[in-house]
Amino acid sequence: MKQTFRLFFKERTTWVAVSAAIIFQLIFGAVWMTGYEGVAERMKQVRLAVVVQEGQLASLLEKLSDRSPIEVVRYKDIETAQYDLDFRKVQMIVNVQQESTPSGSSLPPEVQLTYYMNESNPAMVKSIMTAVATEFTDAIKKVRLVSMIAQQKNGSNSSIFADPGVQSSVVTLHPAGDMHRQMIPLMLVLASFVGSMLVAMNLEQTTQALKGKTSRWHRFFVRGIINLIVTIVVSAVGATMVAWLGGPIVGGFWMLMGFLSLLMVAFLFMTQLFVLIFGLAGMLINIVLLSMQLVTSGAMLPRVLLSEGYASVSQWLPATYGVDGMLNIMFGGTGTTQDSWVLTIMGISCFILGAATAAMERDVHQTATVTVNNV
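Model, not experiment: these values are computed from the prediction.

A.B. asks: What exactly am I supposed to notice about a nonpolar patch on the surface here?
C.D. replies: Taken together, the side chains of Ile225, Ile229, Ile232, Val233, Val237, Met241, Trp244 and Leu245 present a nonpolar region at the surface, about 860 Å² in accessible area. Inspection of the secondary structure puts methionine 241 in helix α9 (residues 216–244).

A.B. asks: For this particular structure, what's the right way to read the pairing of strand β4 (residues 111–118)?
C.D. replies: The buried count for β4 comes to eight of eight residues, which makes it a mostly enclosed element. Side chains Val111, Leu113, Tyr115 and Met117 of β4 all project onto a buried face; the interleaved residues Gln112, Thr114, Tyr116 and Asn118 project onto the opposite face, where all are buried too. Pairing of strand β3 (residues 92–98) with β4 involves seven bridges; the strand directions are antiparallel. Residue pairing in the sheet places glutamine 97 in a bridge with glutamine 112 of β4. As paired strands, β4 and strand β5 (residues 166–173) are joined by eight bridges and run parallel to one another. The partner of threonine 114 across the bridge, within β5, is serine 169.

A.B. asks: It is not clear to me how unusual backbone geometry should be interpreted in this structure. Could you clarify?
C.D. replies: Where the residue is not glycine, phi is negative for most of them; where a peptide bond is considered, it is trans in most cases. For arginine 88, which is not glycine, the phi dihedral falls at a positive 60 degrees. Tracing the sequence through the fold places arginine 88 in the loop between α4 (78–86) and β3. The exposure class of arginine 88 is buried, given its relative accessible area of 17%. Of note, the phi angle at histidine 174 is positive, near 50 degrees, even though the residue is not glycine. Inspection of the secondary structure assignment puts histidine 174 in the loop between β5 and α7 (179–182).

A.B. asks: What is the right way to look at the pattern of salt bridges in this model?
C.D. replies: Pairs can form between side chains of opposite charge whenever their charged atoms are close. Under the defined criterion, the tally for this structure stands at six salt bridges. Between aspartate 324 and arginine 88 there is a salt bridge; the shortest N-O distance is 2.7 Å. Of this pair, aspartate 324 sits in helix α13 (residues 318–331) while arginine 88 sits in the loop between α4 and β3, and the two are 236 residues apart along the sequence. The two residues aspartate 324 and arginine 88 agree in class, both being buried. One salt bridge in this structure joins arginine 219 and glutamate 361, with 3.0 Å as the shortest N-O distance. Of this pair, arginine 219 sits in helix α9 while glutamate 361 sits in the loop between α14 (337–359) and α15 (364–374); the two residues are 142 residues apart in sequence, bridging distant segments of the chain.

A.B. asks: Sorry if this is basic, but what is going on with the nonpolar core here?
C.D. replies: Note on soluble globular proteins: their nonpolar side chains tend to be buried together. Judged by nonpolar contacts, the single largest core of 73 residues is most densely connected at Leu113, Met129 and Met326. By residue number, the principal contributor to this core is helix α10 (residues 253–278), which donates 13 residues. Excluding anything up to four places from it in sequence, methionine 129 contacts Val46, Ile70, Gln91, Met92 and Met117. Within the second largest apolar cluster, 10 residues are counted, among which are Val73, Ile78, Ala81 and Leu85.

Conventions we followed
- Throughout, residues of each chain are indexed from 1 in the direction in which the sequence is written.
- The model is predicted, so local features are restricted to residues of pLDDT at least 70 and side-chain atom pairs to those at 80 or more, both for listing and for counting; the totals for chains, interfaces and linings are taken over all residues.
- The side-chain values count all of the structure's non-hydrogen atoms but skip hydrogen atoms and water molecules.
- Patch membership needs two things, relative accessible area over 30% and no salt bridge, and members are linked within 9 Å if like-charged or within 5 Å if nonpolar (Val, Leu, Ile, Met, Phe, Trp, Tyr).
- Each accessible area is a Shrake-Rupley result for a 1.4 Å probe, and residues are judged covered by the shown protein chains and nothing else.
- Each reported salt bridge corresponds to a side-chain nitrogen of Lys or Arg within 4 Å of a carboxyl oxygen of Asp or Glu.
- Strands here are runs of E lasting at least two residues and helices are runs of H or I lasting at least four, both read from the DSSP assignment and numbered beginning at the N terminus.
- Each residue is assigned to one of three classes by its accessible area relative to the maximum for its type, calculated with a 1.4 Å probe on protein chains only: buried under 20%, partly exposed between the two thresholds, exposed over 50%.
- Pairing between two strands is assigned when DSSP locates at least 2 bridges connecting them.
- The set of buried Ala, Val, Leu, Ile, Met, Phe, Trp, Tyr and Cys residues whose side-chain atoms join them within 4.5 Å is what this entry labels a nonpolar core.
- Residue contacts are defined here by distance: any two heavy atoms, one from each residue, within 4.5 Å place the two residues in contact.

Structure (structure tokens):
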């Protein structure tokens, strides 16, 4: 047993395995702790769109917005607000309408609050905005009660205070259903990128074994072909699993599969790029990218709550556009045209950079052949 133990630690791969486990802890701890730090302090970056006409109620809402823990943005019409809600520029809309007051009544007019929520978002958005809607409605009711008390000459009329005259309702755009459905984009991103890392690592080991047997360009292009085959198979399996397990696919199965293919291409050629440049040591960079994308993609935490640094980094990572597009395909939204173009550009760019790296590699097979011919 002792001899076997010593033999294990004489092998380089044993030390690599132990080091990898430690590095995973260090990288994930550093990225996640810094990425989620200060989220509560950045709640002011969450935006509530308020649609209200000019009048006494508008001035009242302005006072409430000053004390609100989130940013309250005034809109003149519901159509513009819904457009921004669809594009996730605001996280919720409240349409405030005053009913007409019967003639001769001393009571203030009744208020109807209609909340619009877009569930084609991370699950956290729904929980945050549900709490905000409750607090907002309660605040309006309290102010209304104070106003009603002030307008009554006789405060003993208890029926007046029983109902502050505030009604609320919620309209859900792109309903997602249970929370597990909103976690599907996270699952697909995680599975796709980890799979891409494993493909890149194992193909690099195969490439090293084939050095001296085939040319560098043959190895590079065969890796590319294998990546494309993996893309088709993995995206088909992923889309099938989502459909089979009852996941919502508003955009249709083939659109989901096609978009997953673009995401896989970007992931595969990105993870391959760093392995081509640094060898198996490039897997360290891929681990960092995995952690960064889980934090910044918007699958768990809405990107609006990220710090400025992490929000900037997210714009250069494929998972950001992958999550955005999958939310639109599965639950509905603004489409995937822009996200698809960005993923395509990322995949092509990584392929070109990989080809440039391969061009600088010394071809051992060709060098050996020339040496033999010279002799």
